[in-house]
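Residue-level listing of the chains:
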Amino acid sequence: MAKIIAITNQKGGVGKTTTSVNLSASLAASGKRVLLIDLDPQANATMGSGTDKRAIQFSVYHVLLGEKSVKEASVSTTKGEYNLVPANRDLAGAEVEMVDLTQRETRLKTALEEVNNDYDYVLIDCPPALSLLTLNGLCAAHTVMIPMQCEYYALEGLSDLVSTIKKVRMNFNPKLHIEGLLRTMFDPRNILAQQVSDQLQQHFGKKVYRTIIPRNVRLAEAPGFGMPVLYHDKHSKGAQAYLALAEEILNP
Ligand code: ATP
Ligand code: MG
């Protein structure tokens, strides 16, 4: 049975997509069967996986509207060894079009049942909003991974997210829980980052991953080459950090 993880934070630019793409590649490198779902109209996970969003035939948009199955919309990624359900700008329209459909919150969950035995992990890259798209991600998922930058407003945003997760648990998905909090773009020389990191550990204890993702230029430039950092520069600190994260998830 596939384990489904939604990678979520309503705050923009915290490393959701970087984590989705590079964790997918790292889990796949450990021999796991991985499907990455791009649930963001920005389609950064699609482009970062080396798939041209302008050239795709079907996308997660068709899956949400019930026009295509997950299998029909999946493509294999050439660099990364995982499969991808891509996105493009059409997805922004899905939000409006789904409003009138039945069970609009659980459309992704239902669609994923078909591939339950085909994958070990399904990762969902959510958009930076607590929107109907994100709600579909949270309803489909078993757990939530929260990437965050250790800065002043991070903890405030986190309490909004935690209360959203509670609401989803009460209304749609009783077993949903936090998989872990991931410190991203971390600079150990920054005193504020250290303080926020300490507070995070006090509040969330073991829910905070031991693995810390450092700020690393190789991670930022890999999407420009359309590949996970593992294939761009395997020895970079960024690649090694995401391999360590995969290892921590596989052997907690
Ligand atoms: P959005 O909310 O817009 O979807 P996001 O949370 O998915 O953003 P990313 O797109 O992963 O965030 O990252 C934001 C920017 O920071 C990108 O340009 C990315 O390349 C860069 N970035 C992410 N993680 C790192 C890192 N560890 N080191 C350096 N740059 C990083
Ligand atoms: Mg993103």
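In the block above lies the structure referred to throughout.
Quick notes on the rules
Residues numbered from 1 in each chain as written. Chains lettered and ligands numbered in written order. Predicted model: local features only at pLDDT ≥ 70, side-chain atom pairs only at ≥ 80, totals over all residues. Heavy atoms only, no water. Salt bridge = Lys/Arg side-chain N within 4 Å of Asp/Glu carboxyl O. Helix = DSSP H or I, 4+ residues; strand = E, 2+ residues; numbered from the N terminus. Buried < 20%, exposed > 50% of the residue type's maximum accessible area, 1.4 Å probe, protein only. Pairing = 2+ DSSP bridges. Contact = heavy atoms within 4.5 Å. Axes fitted to C-alpha atoms, helices over the stretch in contact; angles between N-to-C directions. Core = buried A, V, L, I, M, F, W, Y, C linked by side-chain atoms within 4.5 Å. Right-handed = clockwise from strand over helix to strand, strands pointing away. Polar contact = N/O pair within 3.5 Å; in protein donor to acceptor, adjacent residues only side chain to side chain.

## Describing the pattern of salt bridges
A side chain with one charge may pair with a side chain of the opposite charge, provided their charged atoms come close. Evaluated as defined, the whole model comprises 9 salt bridges. The closest approach of N and O atoms between E151 and K11, which form a salt bridge, is 3.5 Å. Of this pair, E151 sits in the loop between strand 6 (143-149) and helix 8 (154-171) while K11 sits in the loop between strand 1 (3-7) and helix 1 (16-29), and the two are 140 residues apart along the sequence. Classification of E151 by relative accessible area gives partly exposed; the value is 29%. K11 sits in the partly exposed class, given a relative accessible area of 31%. For D187, the salt bridge identified is with R189, shortest N-O distance 3.2 Å. For R189, a relative accessible area of 74% gives the class exposed. Put simply, R218, E221 and D233 are held in one network by salt bridges that share partners.

## Side note on the sheet that holds strand 5 (residues 121-125)
The sheet built from 8 strands is open, its strands ordered 3-4-2-5-1-6-7-8 with mixed pairing. Every other strand in the sheet has two partners, leaving strand 3 (75-76) and strand 8 (208-214) as the edge strands with one partner each. Sheet topology note: the strand 2 (residues 34-38)/strand 5 ladder contains 5 bridges and is parallel. The partner of L36 across the bridge, within strand 5, is L123. Lying on the sheet, helix 12 (residues 237-250) is in contact with strand 5, strand 6, strand 7 (177-186) and strand 8; it crosses strand 8 at an angle near 165°.

## As for the nonpolar core
Core analysis: the largest hydrophobic core is formed by 46 residues, its most contacted members being L35, I37, L112, V122 and I124. When neighbours within four sequence positions are excluded, V122 is seen to be in contact with A2, K3, I4, I5, L35, I37 and L112. One finds L84, L219, A241 and L245 within the second-largest nonpolar core, a separate group that totals 28 residues.

## Topic: the pairing of strand 6
Buried residues dominate strand 6, accounting for 7 of its 7 residues. In strand 6, alternate side chains face the same way, and those of T143, M145, P147 and Q149 on one face and V144, I146 and M148 on the other are all buried. With 3 bridges connecting them, strand 1 and strand 6 associate as parallel partners. When the sheet's bridge partners are listed, A6 is paired in strand 6 with V144. Inspection of the sheet shows strand 6 paired to strand 7 by 7 bridges, in the parallel sense. When the bridges of strand 7 are listed, Q149 appears paired with T184. Handedness of the β-α-β unit built from strand 6, helix 8 and strand 7 comes out right-handed.

## What to know about the side chain of T184
Topologically, T184 is positioned in strand 7. Judged by its relative accessible area of 2%, T184 is buried. A polar contact is formed between the side chain of T184 and the backbone oxygen of V14, at a distance of 2.6 Å.

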